[in-house]
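Here is what each chain is made of, one letter per residue.
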Amino acid sequence: DNVRTATIDWGDDSAPESLDNPEKIFAVSHAYSTSGSYSAKITLTDACGLQEYRYQPIVVFNQLGDSVSGSGWFESPAGAYLSDKRAAGKAQFAFDAAIKSYSMVPLGSATFNFKAGKLKFRSTEYQWLVVDGTTSTLKAYGKMNNKSGYEILISMAQKSKNDKDINVNNNKGKGNNKPPKEKDRIRDKIWDPSGVVIYDTQLGSPDEADAI
């Protein structure tokens, strides 16, 4: 009851917004110039100069007709599966999602299978899809090992369409040095109904972080 200022950083490089003597419940609005995932930071400062912070993820949609799909596998690192941090090996995934109405709820399905950890996830309902150039983020409700109430976040970064193999000849043509091809990147994160993370290939990273 003694907050003197509330400062909102909207997470999009715009100037922070400041409110003097805000009410206990107050509303602010902001127009984002592009769709995507943002992390807003709210700083509350009281009469004594003490500060407290709140972070709020914001997803901005403007993407009627967008879609994304993919399937394949990657080497799941040890530590990604919290119930068995030693488990490592091939993780398989498949997903397809398309926004076809102004409800902005995608249609499609997603599956994830990590055999070494005996972990299987199947989506039951998508929440949202954000496509920004060559990056995409997909969030869904689903079942893990046939138990309901779990959620999955899939972040993707597609390799550049201009990526090509380039031969570099040294020593007057003796030998070929070929730079490694850029690869698609993916992040998979699963958590239980209480919000506890079960699996994450980028443990500790915020949800809006780029897939690595």
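Remember, predicted model here, so these are calculated numbers, not experimental data.

Calculation notes
Residues numbered from 1 in each chain as written. Predicted model: local features only at pLDDT ≥ 70, side-chain atom pairs only at ≥ 80, totals over all residues. Heavy atoms only, no water. Pairing = 2+ DSSP bridges. Helix = DSSP H or I, 4+ residues; strand = E, 2+ residues; numbered from the N terminus. Axes fitted to C-alpha atoms, helices over the stretch in contact; angles between N-to-C directions. Phe/Tyr/Trp six-rings, centres within 6.5 Å; stacked < 30°, edge-to-face > 60°. Buried < 20%, exposed > 50% of the residue type's maximum accessible area, 1.4 Å probe, protein only. Lys NZ or Arg CZ within 6 Å of the ring centre and 35° of its normal. Salt bridge = Lys/Arg side-chain N within 4 Å of Asp/Glu carboxyl O. Core = buried A, V, L, I, M, F, W, Y, C linked by side-chain atoms within 4.5 Å. Contact = heavy atoms within 4.5 Å.

A. The arrangement of the sheet that holds strand E5 (residues 67-76) in detail. Spatially, E5-E6-E7-E8-E9-E10-E13-E14 is the arrangement adopted by the 8 strands of the open sheet, whose pairing is antiparallel. Strands at the two margins of the open sheet, each flanked by one partner only, are E5 and strand E14 (197-200). Between one strand and the next, the sheet's axes are offset by a mean angle of 20 degrees, whatever the strand orientation. In this sheet, strand E9 (residues 135-144) lies alongside strand E8 (residues 119-132) in antiparallel orientation, the contact comprising 10 bridges. Following the sheet pairing, Phe121 is matched in E9 by Met144.

B. Seen up close, the packing of aromatic side chains. This model, assessed by the stated rule, comprises 8 aromatic pairs. When the ring of Tyr32 is compared with that of Tyr38, the centres are 4.3 Å apart and the planes differ by 25 degrees; the resulting orientation is stacked. Residue Tyr32 shares its accessibility class with Tyr38, and that shared class is buried. The ring centre of Trp73 lies 4.4 Å from the NZ or CZ of Lys90, which sits over that ring.

C. Spotlight on the pattern of salt bridges. A complete count under the given rule lists 4 salt bridges for this structure. When the shortest N-O distance is used, the salt bridge between Asp200 and Arg187 registers 2.8 Å. With Asp200 in strand E14 and Arg187 in strand E13 (residues 185-191), this residue pair connects regions lying 13 residues apart in the sequence. Like Asp200, the residue Arg187 is buried in the burial classification.

D. Representation of the nonpolar core. Of all hydrophobic cores here, the largest spans 30 residues; its most connected members are Phe95, Phe112, Leu119, Ile190 and Tyr199. Only E5, strand E6 (89-98), strand E7 (107-114), E8, E9, strand E10 (147-157), E13 and E14 provide two or more residues apiece to this core. The contact partners of Leu119, leaving out residues within four places of it in the chain, are Tyr81, Phe112, Asn113, Phe114, Met144, Asn145, Ile190, Ile198 and Tyr199. Within the second largest apolar cluster, 5 residues are counted, among which are Trp10, Tyr32, Tyr38 and Val60.

E. Highlighting the sheet that holds strand E1 (residues 3-9). Reading across the sheet, the 4 strands line up as E2-E1-E3-E4 and stay open at both edges, with antiparallel pairing between neighbours. Pairing within the sheet leaves two strands with one partner each, and these edge strands are strand E2 (17-20) and strand E4 (51-60). Going across the sheet, the axis of each strand differs from the next one's by a mean of 20 degrees, ignoring polarity. Sheet topology places strand E3 (residues 36-46) next to E4; 10 bridges connect them, and they run antiparallel. In the sheet register, Ser39 faces E4, and the bridge partner there is Pro57.

F. Representation of the environment of Tyr141 in the model. In this fold, Tyr141 is placed in strand E9. Each C-alpha atom of the pair Tyr141 and Ile190 lies 9.7 Å from the other, and the pair is 49 residues apart in sequence. With near-sequence residues (within four places) excluded, Tyr141 lies in contact with Phe121, Ser123, Thr124, Glu125, Gln127, Tyr150 and Glu151.

G. Up close: the pairing of E9. The buried fraction of E9 amounts to 7 of the 10 residues, a majority that puts the element mostly inside the structure. Turn length for the E8-E9 hairpin, with the two strands adjacent in sequence and antiparallel, is 2 residues, and the turn residue Gly133 shows positive phi of about 65 degrees. Bridge count between E9 and E10: 9 bridges; the pairing is antiparallel. Paired with Thr135 across the bridge in E10 is Ala157. The loop that links E9 with its antiparallel partner E10 comprises 2 residues; one of these, Asn145, has a positive phi angle of about 50 degrees.

The quantities given are spatial measurements derived from coordinates; they are silent on function.
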